[in-house]
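This is what each chain is made of:
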Amino acid sequence: MKVHLRVFVEIRNLGKAMNALTDAGITGFYILEYKGMSPQDWKGFSIKEDPESAIKMIKDHAKNAMLICSVVDEEKVDEIVKMVREALMGEKYTILEVPIRRIIISDGKN
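Residues numbered from 1 in each chain as written. Predicted model: local features only at pLDDT ≥ 70, side-chain atom pairs only at ≥ 80, totals over all residues. Heavy atoms only, no water.

(A) A look at the sheet that holds strand β2 (residues 30-36). The 4 strands lie next to each other as β2-β3-β1-β4, forming an open sheet whose pairing is antiparallel. Every interior strand has two partners, whereas the edge strands, β2 and β4 (93-100), have only one. For this sheet, the mean angle separating the axes of adjacent strands, direction not counted, is 25°. As paired elements, β2 and strand β3 (residues 63-73) share 7 bridges and run antiparallel to each other. Considered in β3, the bridge of Leu32 is made with Leu67. (Pairing = 2+ DSSP bridges. Helix = DSSP H or I, 4+ residues; strand = E, 2+ residues; numbered from the N terminus. Axes fitted to C-alpha atoms, helices over the stretch in contact; angles between N-to-C directions.)

Structure representation (C-alpha cells):
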C-alpha cells in the first residue's frame with residue numbers, strides 16, 4: 001500500500017526536513033506554503049463569524065509554515081519518519097500518514 005506522508009514544519013526547518021526526507025529515500029515531493037496556528041496559539045481567541053474577521057485574525061496571528069508531501073511505500077514509512085524525527089529533534093513539527101486506496105494518473109489522451 002502507498003502512504004501520503006505529510007510533514008508540517010516551520011519555514012526555518014524546511015531544509016532540515018527536506019534533507020532528511022531525501023536521505024531517507026523519497027523519490028519526489030511537493031511543497032505548500034501556508035499560515036498555521038497551534039491550538040495553544042488560538043486558545044482564548046474568539047473569532048467573529050464573518051470571513052473578513054477570520055482572515056484578518058489569521059493574517060495577524062498565524063505563523064508561516066511549510067507542508068512537505070510525498071507518496072511512499074508503506075514499508076518505508078517507519079524509517080523515513082525516524083530520520084525526519086532525528087533531523088528535527090527539539091523542533092516543532094507534525095507528521096501525518098494517510099493511507100492511499102487508489103492512485104489514478106491520466107496522460108490527458110484518454
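Okay, back to it.
(B) Main features of the pairing of strand β1 (residues 2-10). By the bridge criterion, 9 bridges tie β1 to β3 in an arrangement that is antiparallel. Bridge pairing in β3 places Leu5 opposite Ser70. Of the strand pairs in this sheet, β1 and β4 are connected by 8 bridges, and their pairing is antiparallel. Residue Lys2 lies in a different strand from β4, and its bridge partner there is Ile100.

(C) Inspection of helix α1 (residues 14-23) at higher detail. Looking at α1, one finds that the buried residues are Leu14, Ala17, Ala20 and Leu21. All buried residues of α1 lie within an arc of 135° about the axis, which places them on one face of the element. Directly beyond the C-terminal end of α1, a positive phi value near 105° is found at Gly25. (Buried < 20%, exposed > 50% of the residue type's maximum accessible area, 1.4 Å probe, protein only. Arc of directions from axis to C-beta.)

(D) Spatial organisation of the nonpolar core. Formed by 18 residues in total, the largest nonpolar core has its most connected members in Leu5, Val9, Leu21, Val72, Ile80 and Val84. If you list the elements that add at least two residues to this core, you get β1, α1, β3 and α4 (77-87). The residues touching Ile80, leaving out its near neighbours within four places in the chain, are Leu5, Leu21, Ala24, Ile26 and Val72. (Core = buried A, V, L, I, M, F, W, Y, C linked by side-chain atoms within 4.5 Å. Contact = heavy atoms within 4.5 Å.)

(E) Structural context of the side chain of Ser70. For Ser70, the location among the structural elements is in strand β3. For Ser70, a relative accessible area of 4% puts it in the buried group. In terms of polar contacts, Ser70 uses its side chain to reach the backbone carbonyl oxygen of Gly28, at 2.6 Å. With sequence-adjacent residues up to four places away left out, Ser70 is seen in contact with Val3, His4, Leu5, Ile26, Gly28 and Phe29. (Polar contact = N/O pair within 3.5 Å; in protein donor to acceptor, adjacent residues only side chain to side chain.)

(F) Layout of α4. Every buried residue of α4 is listed here: Val77, Ile80, Val81 and Val84. Along the axis of α4, the buried residues cluster in a sector spanning 95°; they form a single face. If you follow the buried residues of α4, they end up packed against β1, α1, β3 and β4.

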